[in-house]
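Summary of structural features
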Protein chains: 2
Amino acid sequence: MKKISKMVIRRLPRYYRYLSDLKAEGVERISSTELSQRLKITASQIRQDLNCFGGFGQQGYGYNVVQLHEAIGEILGLSAQYKMIIIGAGNLGHALANYAGFARRGFRLVAMFDVNPDIIGTRIHDVTVLHVDELEAFCKAEKPEIAVLTLTKPAAPAIAEKLATLGIRGIWNFSYMELVAPPGVVVENVHLSDSLMTLSHHITDATYEKKES
Amino acid sequence: MKKISKMVIRRLPRYYRYLSDLKAEGVERISSTELSQRLKITASQIRQDLNCFGGFGQQGYGYNVVQLHEAIGEILGLSAQYKMIIIGAGNLGHALANYAGFARRGFRLVAMFDVNPDIIGTRIHDVTVLHVDELEAFCKAEKPEIAVLTLTKPAAPAIAEKLATLGIRGIWNFSYMELVAPPGVVVENVHLSDSLMTLSHHITDATYEKKES
């Protein structure tokens, strides 16, 4: 398999989500033009993206929804089963734990961790909230691969370093700071407010356009 | 001001966040090379991006942090003050309400809405949770510009349509469905799991690379 560019990888989850919907609706095939209209990506970009990992499309037929869905899922590593822990059982940790979509995509939540005595021992979405002191013993026994960080900024880097020594391979980071990946760990930094700022730009822009016309 | 491409706009919040940090640290100027190392964007891409809205950089000096921060904030519409409401006061709504960064960037939370009688009337981060039935009267009186949707999929499209008639200009959508923007409204669809899928791909990829070498 040839190396797929980072930009293509970024677009794959969108293709995957949309194909999941089509599959659920029983749609058998779709053309790049239809995909294009829905996803607001040009048809030629779509063909180029999907050609990156072997052409699934056939001239005059389009793409087979089930096959393409499966192939993209494979590239995204969704056929693997990953054990996931959430560190920080506050509102955001709760919200993420309750999102059913993760389990469907192969991410199985196995534990949550916090330091707040009021919530340690409580059950959230079928898992128990443990004290962070139990992290090491838990990771050695259960070997989770993915950790979700919903901690505050100051606590995040030290926890990330620790997780790296405990065999965690991926960190999904919501701590509002850009975490530098410890050796052997992949970090995906989520900055929720980035898309709010983009939204704000578009509103401001629309206002200017109105004033000018 | 010439039209700035969508891809450049998508990168601006990252520049903005990093410049905020530099400003807080008292750093006066920064070169495109230093920005590049930190942001993992090539220096030539950075120069090209920032040239889009008038060159701020000077050869041999770099960028003035305060000026560039302010200029990008202006383009992102952060100098405006927006009134924001959150619809859906569950865990995710709570988490977003508690994120202090929004207020600092000009987004002022003025109300939250829900249908759950247990939480209506409670106070979250200085605002009261109101019943969705009060949405219309509230919007007419307070004229919020931005609505954050943390509802479940089925409820989202109808609420979005309603918000459009009530003067809402931007919808920040966390309902796990791709909302089509009603006329006159800008929608920013957030799909949290997209970055988890990207993370999963990188872990899988790293595994393949290890096996092959």
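Summarised in this report is the structure supplied together with it. None of these values were measured; they are calculated from a predicted model. (Residues numbered from 1 in each chain as written. Chains lettered and ligands numbered in written order. Predicted model: local features only at pLDDT ≥ 70, side-chain atom pairs only at ≥ 80, totals over all residues. Heavy atoms only, no water.)

Remarks on the overall build of chain A
- What chain A contains, in helices and strands, is nine helices and nine strands.
- Pairs at least 24 apart in sequence give 55% of the contacts found in chain A among residues at least 6 apart.
- Across chain A, the 24 positively charged side chains and the 22 negatively charged ones have centroids separated by 5 Å. (Helix = DSSP H or I, 4+ residues; strand = E, 2+ residues; numbered from the N terminus. Contact = heavy atoms within 4.5 Å. Lys, Arg positive; Asp, Glu negative; His and termini not counted. Charge placed at Lys NZ, Arg CZ, Asp CG, Glu CD.)

So, the pattern of salt bridges
Residue and element names in this part refer to chain A.
- Under the definition given, this model contains 14 salt bridges over all chains.
- With a shortest N-O distance of 2.7 Å, Arg11 and Asp49 are connected by a salt bridge. With Arg11 in helix α1 (residues 6-24) and Asp49 in helix α3 (residues 43-51), this residue pair connects regions lying 38 residues apart in the sequence.
- Assessed through its relative accessible area of 17%, Arg11 is described here as buried.
- For Asp49, a relative accessible area of 1% gives the class buried.
- Ionic pairing is found between Lys162 and Glu136, a salt bridge with its closest N-O pair at 3.4 Å. With Lys162 in helix α8 (residues 156-165) and Glu136 in helix α7 (residues 135-142), the pair connects residues that are 26 residues apart, well separated along the chain. (Salt bridge = Lys/Arg side-chain N within 4 Å of Asp/Glu carboxyl O. Buried < 20%, exposed > 50% of the residue type's maximum accessible area, 1.4 Å probe, protein only.)

So, the packing of α1 of chain A against α3 of chain A
Residue and element names in this part refer to chain A.
- Running from amino to carboxyl end, α1 crosses α3 at an angle of 105 degrees, the nearest separation of the two axes being 11 Å. Between α1 and α3, the crossing angle belongs to the class labelled roughly perpendicular. Taking contact as the criterion, the partners of Val8, Arg11 and Tyr15 in α1 are, on α3, Gln45, Ile46, Asp49 and Leu50.
- Residue classes in the contact of α1 with α3 are distributed as four nonpolar, one polar and two charged. (Axes fitted to C-alpha atoms, helices over the stretch in contact; angles between N-to-C directions. Parallel < 35°, antiparallel > 145°, perpendicular 65-115°, else oblique. Nonpolar A, V, L, I, M, F, W, Y, C, P; charged D, E, K, R; others polar.)

Remarks on the interface of chain B and chain A
- The interface of chain B with chain A comprises 56 residues on the first partner and 56 residues on the second.
- Of the roughly 5,200 Å² buried between chain B and chain A on both sides combined, carbon and sulfur atoms contribute 64%.
- By the criterion of area lost to chain A, the three top residues of chain B are Leu196, Met197 and Ile203 of chain B, representing 13% of everything that side buries.
- For the pair chain B and chain A, the interface holds four salt bridges.
- With a closest N to O distance of 2.7 Å, Asp194 of chain A and Arg17 of chain B form a salt bridge.
- Run the count over chain B and chain A and you get 22 residue pairs in polar contact (both at pLDDT 80 or more).
- Tallying contributions element by element places helix α9 (residues 192-212) of chain B first for the side of chain B that touches chain A, with 16 residues. (Buried area = accessible area lost by both parts, 1.4 Å probe. Polar contact = N/O pair within 3.5 Å; in protein donor to acceptor, adjacent residues only side chain to side chain.)

Comments concerning the layout of surface pockets
- Here the second largest pocket defines a volume of roughly 830 Å³.
- Looking at the second largest pocket, it is lined by 39 residues, and the ones nearest its centre are Leu151, Lys153, Phe174, Ser175 and Tyr176 of chain B.
- Sorting the residues of the lining of the second largest pocket by element identifies α1, α2 (32-39), α5 (91-97) and α6 (101-104) of chain A together with α5 (91-97), β4 (107-114) and α9 of chain B as the ones contributing at least two each.
- In terms of residue count, the dominant contributor to the lining of the second largest pocket is α1 of chain A (five residues).
- Classifying every residue of the lining of the second largest pocket gives 18 nonpolar, twelve polar and nine charged. (1 Å grid on protein atoms, 1.4 Å probe; cavity = no way out; pocket = protein on both sides within 12 Å on 5 of 7 lines; lining within 4 Å. Points joined across faces, edges and corners; volume = space filled by probe spheres on them.)

Notes on the side chain of Thr150 of chain A
- Examined against the element boundaries, Thr150 of chain A turns out to sit in the loop between β7 (146-149) and α8.
- Setting aside anything within four residues of it in sequence, one finds Thr150 of chain A in contact with Ile86, Ile87, Gly88, Leu92, Gly93, Leu96 and Phe174 of chain A.

Things to note about the sheet that holds strand β5 (residues 123-124) of chain A
All names here are of chain A.
- As summarised here, the arrangement of the seven strands in space is β5-β6-β4-β3-β7-β8-β9, forming an open sheet in which the pairing is mixed. The open sheet terminates on both sides in strands that have one partner only, identified here as β5 and β9 (186-189).
- As defined by bridge partners, β7 adjoins strand β8 (residues 170-173) across four bridges and the pair is classed as parallel. Bridge pairing in β8 links Ala147 to Ile171.
- In the packing of α8 onto the sheet, the strands contacted are β3 (82-87), β7 and β8, and the crossing angle to β7 comes to about 175 degrees. (Pairing = 2+ DSSP bridges.)

What to know about the relation of the copies chain B and chain A
- With an RMSD of 0.0 Å, the operation that places chain B on chain A is a rotation of 180 degrees combined with a shift of 0.0 Å along the axis. When the rotation and shift are considered jointly, the pair of chain copies conforms to a two-fold rotation axis. Proximity to the rotation axis, assessed at the C-alpha, singles out Asn91 of chain B in chain B; its C-alpha lies 2.4 Å from the axis. (Least-squares fit on C-alpha atoms with pLDDT ≥ 70 in both.)

Description of helix α7 (residues 135-142) of chain B
Residues and elements named next belong to chain B.
- Of all the positions in α7, only Leu135, Phe138 and Cys139 are classed as buried. Buried residues in α7, looked at end-on, bunch into an arc of 95 degrees, giving them a common side. What points out from α7, more than 90 degrees from its buried face, is the exposed set Ala137, Lys140 and Ala141.
- Along its buried surface, α7 packs onto β3 (82-87), β4, β6 (127-131) and α8 (156-165).
- Remark: Lys143 follows α7 within two positions and exhibits a positive phi of approximately 50 degrees. (Arc of directions from axis to C-beta.)

A short note on the environment of His125 of chain A
All names here are of chain A.
- On the secondary structure map, His125 appears in the loop between β5 and β6 (127-131).
- Separated by 29 residues in sequence, His125 and Leu96 have C-alpha atoms that sit 9.9 Å apart.
- Excluding its chain neighbours within four sequence positions, the residues that come into contact with His125 are Ala97 and Asn98.

Observations concerning the packing of helix α1 (residues 6-24) of chain B against helix α4 (residues 65-75) of chain B
Residue and element names in this part refer to chain B.
- Contact geometry for α1 and α4: axes closest at 9 Å, N-to-C directions at 145 degrees. Crossing handedness for the pair α1 and α4: left-handed. Here Ile9, Leu12, Tyr15, Tyr16, Leu19, Ser20, Leu22 and Lys23 of α1 lie close against α4, whose contacting residues are Val65, Val66, Leu68, His69, Ile72, Gly73 and Ile75.
- Partitioning the contact of α1 with α4 into residue classes produces eleven nonpolar, three polar and one charged. (Left-handed = near helix turned anticlockwise from the far one by under 90°.)

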